[in-house]
Amino acid sequence: MFNKRLRKKIAATLIAVMALSSFAGCGSTKDKSDNEENNGITQEYVSRDINVAALKGPTAIGMVKLMKDSEDGLTANNYSFQIEASADAFTANLIKGDIQIAAMPCNAASTLYNKSSGKITVLGINTLGVLYVVETGDSVKSVSDLKGKTIYSTGKGTTPEYTLRYLLKSNGIDPDKDVNIEFKSEATEVATIMAQSKDEVIAMLPQPFVTTVLTSNKNARIALDVTAEWEKAAKDGSSVVTGVIVVNTEYYNSNKEAVDKFLEEYKSSVDYVNANVDDSSELVEKYGITKAAIAKQAIPKCNITLIPGDEAKTKISKYLQVLYDENPASVGGKMPADDFYK
C-alpha cells in the first residue's frame, strides 16, 4: 500500500517537472526572439543625412544619377551635394566632418591625408585617366612619334606634367632633351593655339577640354589615349588615376553601414551614366558641371568608374609612387600609409 502511494507520488512529481521544463523551453525561445529584435536583426535601415562634395568635371559626372535620385527621394540616405571648381573649397569641411564624403583628385587626397594625419580615407577610384594627346595633323601614331616635337600642355608642376614625363621616359624619350614641352596656364589657351595655327599643333589636354577642341576645330583629332599608353608601358598593374572617392575617417568608423549604402548607390549611378549617355548628359548640365553637348561627347572618354578594395590600392599606390618620384610634394611629402585605404 505504502509502495503504491509512493509510486503515484513519484509519477506525479515527474509529470510536474516535465511540464515546468516544457514551459521554460517556450519561455527561452520567446526571450531569444525578443533579444534578436532588440539587437537590430530585424530592424530596418535608418536613413542618414550625408553631405557630398565633388569637382566640376569628370570626378562629379559619375554621381549625377545619384544626385537626381536623391532629389526625387529614391535613395537610402538623404544626400546634399556641393559641386566646386576647386577642392580647396571643401577640404577644410571634409577634415572637420561637416562634409562626410568627397570626390577629388588622387594626389590631392594623398596630400590632404598627410596634412591631416589620416583624417580622410580612400573608398575607391572613381575616375581613371582623362588625359589625351590631340593634334591638328596626322603624324602621331605612338608615343615614340612625339620625339622631336613641341607639346603644349597645362599643369606645370602638377600631375599632368608628371604624367607626361613618366609616359615619355617609359618610351625612351628624355622629356628635357628630346621634346619641347610648352606649358600654358589654361586649357583654353591651348585650344586657341590649335585653332589659329596653320601648322601642326600637338597638345596634351584633359576631358572635357579635349571634346571642346574637337567640336570647335575640324582639323583636330585624338592621337593618343594617355591612360591606354600608360598601361601599355607599365608592367606593374598601375594606371593613371585622376579621381578618388574619400570619406572622413571618423565618420566612416562610426557609420560604416551608411557609407556602404552610399557606395552601392554610387556604383548604380556610375553604371547608369556610362550606359545612358544622352540622359546623363542632360543631368550633367542640370547640375552645373558642363554643357550637355560637351558631356555627351566626353563621357565615353572620361573613364568614369568605381574601383574599390585591393585593385584600387594597387593602382593608386603605384600611381602615387610615380608622382612621388617626380616630386614628393605632389603627394604631400611622403607616400600615404596603409590606413589611407579602406
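Heads up: these notes are all about the structure in this document. All values derive from a computational prediction rather than experimental measurement.

**What to know about the pairing of strand E10 (residues 241-248)**
So, step 1. Within E10, 7 of the 8 residues are buried, which leaves the element mostly enclosed by the surrounding structure.
So, step 2. Note that strand E3 (residues 101-105) and E10 share 5 bridges and pair antiparallel. Bridge pairing in E10 links Met104 to Val244.
So, step 3. With 7 bridges connecting them, strand E4 (residues 120-128) and E10 associate as antiparallel partners. By the bridge assignment for E10, Ile120 is matched with Asn248.

**As for the sheet that holds strand E8 (residues 202-206)**
So, step 1. Spatial ordering of the open sheet is given by E7-E6-E8-E5-E9, a layout of 5 strands whose pairing is mixed. Strands with a single pairing partner mark the edges of an open sheet, and in this sheet they are strand E7 (180-183) and strand E9 (221-225). Here the strands of the sheet are splayed against their neighbours by 30 degrees on average, with no regard to which way each runs.
So, step 2. Where strand E5 (residues 131-135) and E8 come together, 5 bridges link them in antiparallel fashion. Residue pairing across strands places Glu135 opposite Ile202, the latter belonging to E8.
So, step 3. Packed onto the sheet, helix H7 (residues 187-196) meets E5, strand E6 (150-153) and E8 and runs at close to 145 degrees relative to E8.

**As for helix H8 (residues 209-216)**
So, step 1. Those residues of H8 not exposed but buried are Val210, Thr211 and Val213. The buried residues of H8 all sit within an arc of 160 degrees when viewed along its axis, so they share a single face. Away from its buried face by more than 90 degrees, H8 exposes Thr215 and Ser216.
So, step 2. Looking at the buried residues of H8, the elements they touch are E5, H7, E8, E9 and helix H13 (292-298).

**Quick notes on the environment of Leu168**
So, step 1. Along the chain, Leu168 falls in helix H6 (residues 159-170).
So, step 2. What makes Leu168 buried here is its relative accessible area of 0%.
So, step 3. Placed 21 residues apart in sequence, Leu168 and Lys147 show a C-alpha to C-alpha distance of 8.6 Å.
So, step 4. Contacts of Leu168, omitting those with residues within four sequence positions, involve Val143, Leu146, Ile173, Pro175, Val179 and Ile181.

**Here we look at the layout of surface pockets**
So, step 1. In this structure, the largest pocket spans a volume of roughly 1,200 Å³.
So, step 2. If you trace the largest pocket, you find 46 residues lining it, with Leu55, Pro105, Thr159, Pro160 and Pro206 closest to the centre.
So, step 3. Elements that contribute at least two residues to the lining of the largest pocket include exactly helix H2 (58-61), E3, helix H5 (106-115), H6, H7, H8 and E10.
So, step 4. Here the lining of the largest pocket gets 6 residues from one element, more than from any other, and that element is H5.
So, step 5. Residue composition of the lining of the largest pocket, grouped by class: 22 nonpolar, 20 polar and 4 charged.

**Topic: the environment of Asn180**
So, step 1. Tracing the chain through its elements places Asn180 in strand E7.
So, step 2. The partly exposed category is assigned to Asn180, whose relative accessible area is 35%.
So, step 3. Considered as a pair, Asn180 and Leu146 are 34 residues apart in the sequence and their alpha carbons are 9.7 Å apart.
So, step 4. Beyond its immediate stretch of four places on either side in the chain, Asn180 contacts Lys149, Thr150 and Ile151.

**Some thoughts on the packing of H6 against helix H9 (residues 226-233)**
So, step 1. With their axes 10 Å apart at the nearest point, H6 and H9 run at an angle of 45 degrees to one another. When the axis of H6 is compared with that of H9, the two are oblique. As H6 runs across H9, the sense of the crossing is left-handed. Of the residues in H9, those touching H6 at Thr163, Tyr166, Leu167 and Ser170 are Val226, Glu229, Trp230 and Ala233.
So, step 2. Counted by class, the contact of H6 with H9 contains 5 nonpolar, 2 polar and 1 charged residues.

**Regarding H7**
So, step 1. Three or more residues of H7 are buried, namely Ala187, Val190, Ala191 and Met194. Each buried residue of H7 sits inside an arc of 100 degrees when the element is viewed along its axis, so together they form one side.
So, step 2. Where H7 is buried, its residues touch E5, E6, E8 and H8.

**Remarks on the side chain of Ser116**
So, step 1. Note on placement: Ser116 falls in the loop between H5 and E4.
So, step 2. In this structure Ser116 comes out as buried when scored by relative accessible area, which is 11%.

Each value, and the rule that gives it
Residues numbered from 1 in each chain as written. Predicted model: local features only at pLDDT ≥ 70, side-chain atom pairs only at ≥ 80, totals over all residues. Heavy atoms only, no water. Buried < 20%, exposed > 50% of the residue type's maximum accessible area, 1.4 Å probe, protein only. Helix = DSSP H or I, 4+ residues; strand = E, 2+ residues; numbered from the N terminus. Pairing = 2+ DSSP bridges. Axes fitted to C-alpha atoms, helices over the stretch in contact; angles between N-to-C directions. Contact = heavy atoms within 4.5 Å. Arc of directions from axis to C-beta. 1 Å grid on protein atoms, 1.4 Å probe; cavity = no way out; pocket = protein on both sides within 12 Å on 5 of 7 lines; lining within 4 Å. Points joined across faces, edges and corners; volume = space filled by probe spheres on them. Nonpolar A, V, L, I, M, F, W, Y, C, P; charged D, E, K, R; others polar. Parallel < 35°, antiparallel > 145°, perpendicular 65-115°, else oblique. Left-handed = near helix turned anticlockwise from the far one by under 90°.

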